[in-house]
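# Architecture and fold: a report
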Amino acid sequence: GEDVEQSLFLSVREGDSSVINCTYTDSSSTYLYWYKQEPGAGLQLLTYIFSNMDMKQDQRLTVLLNKKDKHLSLRIADTQTGDSAIYFCAENYGQNFVFGPGTRLSVLP
Amino acid sequence: DAGVIQSPRHEVTEMGQEVTLRCKPISGHDYLFWYRQTMMRGLELLIYFNNNVPIDDSGMPEDRFSAKMPNASFSTLKIQPSEPRDSAVYFCASSFAMGGQETQYFGPGTRLLVL
């Protein structure tokens with residue numbers, strides 16, 4: 001079946017870069033997404049990438065897509081304490097939308 | 001737009017009681033999703049609607065769960081009877097289309113505790 005995998009925890013120091021990784025299984029995925037969930041809130045879309053792209057940059061966020069390995073990553077430059085949250089990777093293929101388990105990012109002062 | 005609205009924000013009930021969760025999607029969105037989030041199982045899609053019609057309810061855990069969407073601006077998720085293992089955060093989300101560049105907008109969630 002369809003599966004999106006992520007490591008569950010990541011800790012970084014304030015000011016460092018964070019890299020959150022995700023692997024997905026369906027090669028026909030057309031769009032891949034990164035969502036952020038802050039404590040006590042719902043998920044909020046951070047960015048997405050179309051499957052024919054390798055990279056997308058949006059301010060401090062860089063998304064890298066390796067279709068061959070079905071690997072997606074989210075890099076947050078100059079990580080701040082406000083970036084502490086759970087980050088979900090998600091894939092979309094056809095009428096299916098599958099979320100990963102989420103990576104809890106802790107930013108240490 | 002006020003975004004996706006869910007009520008109540010918190011619900012504490014006793015085992016065996018009926019629980020009704022409510023959702024108002026963003027106006028104009030044709031898709032509505034119900035999710036459940038727990039520490040053990042993460043985020044699970046329970047059911048989604050397109051134009052008020054249930055499309056995929058394969059994620060609904062069992063017959064105790066039911067969802068309705070009587071019109072484009074309102075949906076309910078009902079648990080009857082509730083059990084302690086139903087304790088979770090339930091999210092409603094809506095979108096203009098399914099996937100693509102059309103993201104799902106999530107509500108703030110309902111935190112359910114069944115004692």
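Reference entry: report on the structure contained in this document. Residue numbers here run from 1 along each chain, matching the order of that chain's written sequence. The lettering of chains begins at A and the numbering of ligands begins at 1, in the order of writing. Totals for whole chains, interfaces and linings use all residues, but because this is a predicted model, local features are given only for residues with pLDDT of at least 70 and pairs of side-chain atoms are given and counted only at 80 or more. The side-chain numbers reported here are obtained from all heavy atoms of the structure, hydrogens and water having been left aside.

## Topic: the state of the cysteines
Residues and elements named next belong to chain A. Any two cysteine sulfur atoms lying within 2.5 Å of each other are counted as a disulfide. Taken as a whole, this structure holds 2 disulfides over all chains when the rule is applied. Disulfide pairing places Cys 22 opposite Cys 89 at an S-S distance of 2.0 Å. Judged by the torsion about the S-S bond (-60°), the Cys 22/Cys 89 disulfide is left-handed. One end of the pair, Cys 22, is in strand S3 (residues 18-24); the other, Cys 89, is in strand S9 (residues 85-93), and 67 residues separate them in sequence. Only protein chains enter the calculation, and the probe is 1.4 Å; a residue is then buried if its accessible area is under 20% of its type maximum, exposed if over 50%, and partly exposed in between. Residue Cys 22 is classed as buried on the basis of its relative accessible area of 1%. According to the relative accessible area criterion, Cys 89 is buried, its value standing at 0%. Put simply, DSSP H or I for four residues or longer makes a helix, DSSP E for two residues or longer makes a strand, and each gets a number counted from the N terminus.

## Regarding a nonpolar patch on the surface
Residue and element names in this part refer to chain B. Surface patches are drawn from residues lacking salt bridges whose relative accessible area is over 30%; two like charges belong together within 9 Å, two nonpolar side chains (Val, Leu, Ile, Met, Phe, Trp, Tyr) within 5 Å. Working definition of accessibility: Shrake-Rupley area with a 1.4 Å probe, residue cover restricted to the visible protein chains. For this analysis, a salt bridge means a side-chain nitrogen from Lys or Arg found within 4 Å of a carboxyl oxygen belonging to Asp or Glu. A contiguous nonpolar patch, built from Val 12, Leu 113 and Leu 115 and spanning about 290 Å² of accessible area, is present on the exposed surface. Mapped onto the elements of the fold, Val 12 is located in strand S2 (residues 10-13). Assessed through its relative accessible area of 54%, Val 12 is described here as exposed.

## Considerations on the interface of chain B and chain A
Often, the extent of an interface is quoted as the loss of accessible area on bringing the components together. The criterion used for residue contact is that any of the two residues' heavy atoms lie within 4.5 Å. Of the residues lining the interface, 18 residues belong to chain B; the matching set on chain A comes to 18 residues. Buried area: the accessible area, evaluated with a 1.4 Å probe, that two parts lose upon being put together, summed over both parts. Buried area between chain B and chain A, both sides added, is near 1,500 Å², and the carbon and sulfur share of it is 52%. Along the contact surface separating chain B from chain A lie 0 salt bridges. Polar contacts here mean pairs of N or O atoms no more than 3.5 Å apart (in protein, one a potential hydrogen donor and the other a potential acceptor; neighbouring residues in sequence count only if both atoms are side-chain atoms). Linking chain B to chain A there are 2 residue pairs in polar contact (both at pLDDT 80 or more). Every element with two or more residues in the side of chain B that touches chain A is listed here: strand S4 (31-38) and strand S5 (42-50) of chain B.

## What to know about the pattern of salt bridges
Residues and elements named next belong to chain B. For the coordinates displayed, the defined rule picks out 11 salt bridges over all chains. Across the salt bridge formed by Glu 62 and Arg 85, the nearest N and O atoms sit 3.2 Å from each other. Taken together, the residues span a long stretch of sequence, with Glu 62 in the loop between strand S6 (53-56) and strand S7 (65-71) and Arg 85 in the loop between strand S8 (74-79) and strand S9 (88-95) at a distance of 23 residues. Given the relative accessible area of 55%, Arg 85 is considered exposed. Between Asp 86 and Arg 64 there is a salt bridge; the shortest N-O distance is 2.7 Å. Of the two residues, Asp 86 sits in the loop between S8 and S9 while Arg 64 sits in the loop between S6 and S7, which places them 22 residues apart along the sequence. Assigned by exposure class, Asp 86 and Arg 64 land together as buried. One continuous salt-bridge network, built from bridges that share partners, spans Glu 62, Arg 64, Glu 83, Arg 85 and Asp 86.

## So, the environment of Ile 20 of chain A
Residue and element names in this part refer to chain A. In this structure, Ile 20 sits in strand S3. Residue classification places Ile 20 among the buried positions, given a relative accessible area of 1%. Filtering out sequence-adjacent residues up to four positions away, Ile 20 remains in contact with Gln 6, Leu 10, Trp 34, Leu 72, Ser 73, Leu 74, Tyr 87 and Thr 103.

## Details of the pairing of S4 of chain B
Residues and elements named next belong to chain B. Where burial is concerned, most of S4 is hidden: 8 out of the 8 residues are buried. Residues Tyr 31, Phe 33, Tyr 35 and Gln 37 line one face of S4 and the alternating positions Leu 32, Trp 34, Arg 36 and Thr 38 line the opposite face, and both faces are buried. Two elements, S4 and S5, share 8 bridges in a ladder whose sense is antiparallel. Of the residues in S5, the one forming a bridge with Thr 38 is Gly 42. When DSSP locates at least two bridges between a pair of strands, those strands are taken to pair. The turn linking S4 back onto S5 is made up of 3 residues. Bridge count for S4 against S9 is 7 bridges, and the pairing is antiparallel. What sits directly across from Tyr 35, in S9, is Phe 91.

## Concerning the environment of Thr 30 of chain A
Along the polypeptide, Thr 30 of chain A turns up in the loop between S3 and strand S4 (31-37). You can call Thr 30 of chain A partly exposed: its relative accessible area is 30%.

## Comments concerning the sheet that holds S7 of chain B
The strands making up a sheet are joined through hydrogen bonds of the backbone, oriented either antiparallel or parallel. Residue and element names in this part refer to chain B. Taken together, 4 strands build an open sheet; the order of strands is S1-S3-S8-S7 and the sheet is antiparallel. At either margin of the open sheet sits one strand with a lone partner, and together these are strand S1 (5-7) and S7. For this sheet the average axis-to-axis angle between neighbouring strands, irrespective of direction, equals 15°. Fitting a line to C-alpha atoms yields each axis, with helices limited to the stretch in contact; the angle taken between N-to-C directions then spans 0 to 180 degrees.

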